[in-house]
Amino acid sequence: MAGATTATILRTGRNRAPLLTCHSFQKSCDYLNLHGSARRVFYAGMFLLQNIARSFGAVHAVGPLDVEFEAGRTSVLIGPSGCGKSTLLRLMMGLVAPDDGTVQFEGTVLTSKNAMLLRRRMGYVIQDGGLFPHLTARRNITVMARYLKWDQDRIDRRVKELAALTRFPESALTRYPAQLSGGQRQRVSLMRALMLDPDVLLLDEPLGALDPMIRSELQDELRQIFRALNKTVVMVTHDLAEAGLFGDTILLMRSGDFVQKGTLAELVRTPADPFVSRFVNAQRGPLEVLGDEPA
Amino acid sequence: MSAYRAIILILVVLTGPAAAVAQVRPPVSVGSKTFTESVILGEIAVRLVRQAGGEPHHRKELGGTRILFNALLNGDIDIYPEYTGTISEEILSGQNLTDEASIRTALARQGVRMSGSLGFNNTYALGMKKARAAQLGIDKISDLVHHPDLKFGFSNEFMDRNDGWPSLRLRYGLPQTHVRGLDHDIAYRGLENEAIDVMDLYATDAEIQYYDLKILTDDRHHFRDYDAVWLYRDDLVDRLPRIVAVMQTLEGKISASEMARLNKRAKLDKVPEGQVAAEFLARELEIESRSEPINVYDSLWNTTRDHLSMVVKSMTAAILLAIPLGIWAAKKRRAAQPILGVVGIIQTIPALALLVIIMSMIKPLKPLGIESLGEHPAVVALFLYSLLPIVRNTYAGLHEIPEHIRESAVALGLPPAVRLWRIELPIASRMILSGIKTAVVINIGFATLGALIGAGGYGQPILTGIRLDDLGLILQGAIPAAVLALVAQFLFELSERVLVPKGLRMTKM
């Protein structure tokens, strides 16, 4: 844990220069009283959500809750449908404005004014890829870089790099989304999210629409990619096994709030309440099904 | 026209004022209504103007008294033939003017003068086939009371006029309920194939003899006198002082039978109105005039040019406004209903009503060179009619973009304008293009109505063809209009291959 945070490059957010390095995620270290004011040290890719709440009309979606996503670590939001996990992710992207509370990204409070620029330091991947149907895979990936007027060499180099990373055949880059398979579309979507080398990756059920074989193949690949990149990753899923595979930390949600935070082992072995047990037990694997019968 | 005027202006400047007075003939615009008699009188006026030293321009077959009189007040036309009954009943209705002097005074207040009678009274009358009248024993209008099942077909203007059907019905206590409004020339055919029994007529109609019709006696003297006169602008006399004297030579010269004969020459013998007018003037007043032979290819070229001009101008303006409006509607939830509502309502306004509303609305723009007759109001009307399909499709095309795609563009950090331009509009392009295609096809059809307000186009031969019962002439307008619509459709389908991004054409969205 400490290794991951110290390895991350310190970025100057609103607080300009870092005042002191925080080596572990402990309350005592959160705030540093300097010059008479409470200051916070932020690392690249770090999210801090405070007192965040959001409803849609009469429907309560999220919070109020506080949570921090540590830099360089993979956190998985899990829970039943409608528990608010996707809304939480969208609050972090600024795609949804909170009714109350703040989202701080790398020390900057996300507002409607700065959200657009901050999003360029976040990568976002959703279930059906969200690829633009009128652009080829390559142009989907490079749309932002082209807007930012990167020179062609730099764009080409980056695309080559990403294609190698995601094991996407370069020859398929000229295809349109309609000509790609579901797995390929998610790879393109991931490349697009990674194009500007963002500090965080936010993934909303990125493998949800894939069939089980491709899904498990991509799970392995994604895990390797996340390891290689060493980025902050927040991922939404409803599959506990997938959560365990990816997540350093699993955050189990119900009705817009956290029920338990911990590793897969902690959730399974020391459930915080009966809901956690029910949720864990509901995720039955095929071996378990077979285990019901005498071998 | 404006280029022509500009050349004249340059000539005036170059040759000096003295030469200008000698050489430049003041332009005079002559108007006429959509029936043959009015067109013939218009052609006569054209020759009188030329005789008086003016350079006439005939805006013929304008769609209705209101349009003509407004055009006269605006100065879009300078002179046109009218009937005293129409002046007192329609133009000055509600003022209860009966004698000529009070009519003249009322017109003078609006800057309009009235000539003396040309010599015939083209009053309204009711007519039916002689055989049918004899069979039913109908001789006068009051006899109609005993035949409540008779079907009446009246010209649309007659249906609404103060002295038309509403007051005629009251005057005679007519019980008929099968009463419909239709075009005057089509009503003759209705009589012929017994779709209607009774129609309104003008006393000098050439068809009375041709279709063997009986004029029912107006035994309660309902219809007023409809003496033919010229209505002209005050300032015409300043520009063309000799016009008054020239007009006076014609007063009383056209008898009702003479007019019916002229109508027959044009309508049934298919002699061009210009030639009919020229022959009459040569015979009666010894005014010699040329009447240009009409070349089919020239006239097809002219109508095509006028038609295309209307369509291109109105469509360009419509596209430039409708796409932003559609974007606005799609982006601002509150704006959507008002915008879609207004362009929808415009679509429901009947064409002729819209044309009249536009003519009166753009009247104050005259100093800017915008005329309230002819191409300008037609282009405005077509522009308004073309908005709905484009606005609606732009709105729908943007609205239908799946939320996850729209949000992906936001999530990348693209600014709103770039998202719209690079992502949303290209994805909506097929829908927008099909809206434009619909608008063009509708526009090409509607543009034929431009002829009603003197804008020319394919509607001109159609109007003339209906008036003269000349199928060939109708087709001369209808076929090119249909071909143009098909060509436009074909071109748009081709352009879809260029304008709609390739990736979209393989996606089913």
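Residues numbered from 1 in each chain as written. Chains lettered and ligands numbered in written order. Predicted model: local features only at pLDDT ≥ 70, side-chain atom pairs only at ≥ 80, totals over all residues.

Colleague: Whenever I open this one, the interface of chain A and chain B confuses me. Can you help?
Modeller: One widely used convention gives an interface's size as the accessible area the parts lose upon coming together. Taken together, the contact pairs 22 residues of chain A with 22 residues of chain B. At the level of elements, α4 (115-119), β8 (122-126) and α5 (137-147) of chain A are the ones that each hand at least two residues to the side of chain A that touches chain B. Of the residues in the side of chain A that touches chain B, the class split is 15 nonpolar, four polar and three charged. (Contact = placed C-beta atoms within 7 Å. Helix = DSSP H or I, 4+ residues; strand = E, 2+ residues; numbered from the N terminus. Nonpolar A, V, L, I, M, F, W, Y, C, P; charged D, E, K, R; others polar.)

Colleague: What's the story with helix α14 (residues 273-284) of chain B in this structure? I'm lost.
Modeller: Owing to its 3.6 residues per turn, the α-helix aligns residues three or four sequence positions apart on the same side. All names here are of chain B. The terminal C-alpha atoms of α14, which comprises 12 residues, lie 16 Å apart, in line with the 16 Å expected from a rise of 1.5 Å per residue. Residues of α14 that are buried: E273, G274, V276, A277, A278, F280 and L281. The elements touched by buried residues of α14 are α2 (36-51) and α13 (256-267). The first or second residue beyond α14 is E286, which carries a positive phi of 55°. (Expected span 1.5 Å × (residues − 1). Buried ≥ 20, exposed ≤ 12 C-beta atoms within 10 Å, placed from the backbone.)

Colleague: Help me understand the packing of helix α18 (residues 375-399) of chain B against helix α20 (residues 416-446) of chain B, please; the structure alone is not making it clear to me.
Modeller: Each pair of packed helices gets described by two things: the angle between the helix axes and the distance between those axes. Residue and element names in this part refer to chain B. Closest axis-to-axis distance for the α18/α20 pair is 8 Å, and the angle between their directions is 160°. Considering the angle they form, α18 stands roughly antiparallel to α20. By crossing handedness, the relation of α18 to α20 is classed as right-handed. Residue-level contacts link L382, Y385, S386, P389, I390, R392, N393, T394, A396, G397 and L398 of α18 to E424, A428, M431, I432, S434, G435, I436, T438, A439, I442, N443 and F446 of α20. Of the residues contributing to the contact of α18 with α20, the split by class is 13 nonpolar, eight polar and two charged. (Axes fitted to C-alpha atoms, helices over the stretch in contact; angles between N-to-C directions. Parallel < 35°, antiparallel > 145°, perpendicular 65-115°, else oblique. Left-handed = near helix turned anticlockwise from the far one by under 90°.)

Colleague: I would appreciate a short explanation of unusual backbone geometry in the present structure.
Modeller: Leaving glycine aside, a negative phi is the common case for residues, and trans is the common case for peptide bonds. Within the chain, N230(A) stands out as a residue other than glycine whose phi angle is a positive 60°. With respect to the helices, strands and loops of the structure, N230(A) is situated in the loop between α8 (212-229) and β10 (232-237). Taking the C-beta count within 10 Å as the criterion, N230(A) has 14 such neighbours and is therefore assigned partly exposed. Positive phi is not limited to glycine here, since E61(B) has a value of about 60°. With respect to the element layout, E61(B) can be found in strand β2 (residues 55-62).

Colleague: Help me understand the nonpolar core, please; the structure alone is not making it clear to me.
Modeller: Generally speaking, nonpolar side chains in soluble globular proteins are found buried as a group. Grouped together as the largest cluster of nonpolar side chains are 196 residues, with contacts concentrated most on L202(A), I79(B) and V391(B). Considering every element that reaches this core, the biggest residue donor is α18(B), with 14 residues. Residues in contact with V391(B), not counting those within four places in the same chain, are A322(B), L325(B), G326(B), A329(B), I339(B), L340(B) and V343(B). (Core = buried A, V, L, I, M, F, W, Y, C linked by C-beta atoms within 7 Å.)

Colleague: Sorry, what's going on with the sheet that holds strand β7 (residues 179-182) of chain B here?
Modeller: Residue and element names in this part refer to chain B. The mixed open sheet is built from five strands, whose spatial order is β7-β6-β8-β5-β9. Two strands in the sheet have a free side with no partner beyond their single neighbour: β7 and β9 (213-216). Here the strands of the sheet are splayed against their neighbours by 40° on average, with no regard to which way each runs. Two elements, strand β5 (residues 124-129) and β9, share four bridges in a ladder whose sense is antiparallel. When the bridges of β9 are listed, M128 appears paired with K214. Packing against the sheet, helix α9 (residues 184-192) makes contact with β5, β6 (152-155), β7 and β8 (198-202), and its axis sits at approximately 160° to β6. (Pairing = 2+ DSSP bridges.)

Colleague: What is the right way to look at the domain arrangement of chain B in this model?
Modeller: Parsing chain B into structural domains produces domain 1 (2-118 + 226-284), domain 2 (124-216) and domain 3 (296-505). The distance between the C-alpha centroids of domain 2 of chain B and domain 3 of chain B comes to 40 Å. (Domains from an automatic or database assignment.)

Colleague: Could you clarify how one ought to interpret helix α3 (residues 85-93) of chain A in this entry?
Modeller: For α3(A), the tally of buried residues reaches nine of nine residues, placing the bulk of the element in the interior. Positioned one or two residues after α3(A), G94(A) has a phi angle of 75°, which is positive.

Colleague: Please clarify how the packing of α2(B) against helix α12 (residues 243-250) of chain B should be interpreted in this entry.
Modeller: Residues and elements named next belong to chain B. The contact between α2 and α12 brings their axes to 9 Å, and the two run at 135°. When the axes of α2 and α12 are compared, the pair comes out oblique. Crossing geometry of α2 relative to α12 is assigned as right-handed. From α2, L48, V49 and Q51 reach across to α12, where they touch I243, V246, M247 and L250. Counted by class, the contact of α2 with α12 contains six nonpolar, one polar and no charged residues.

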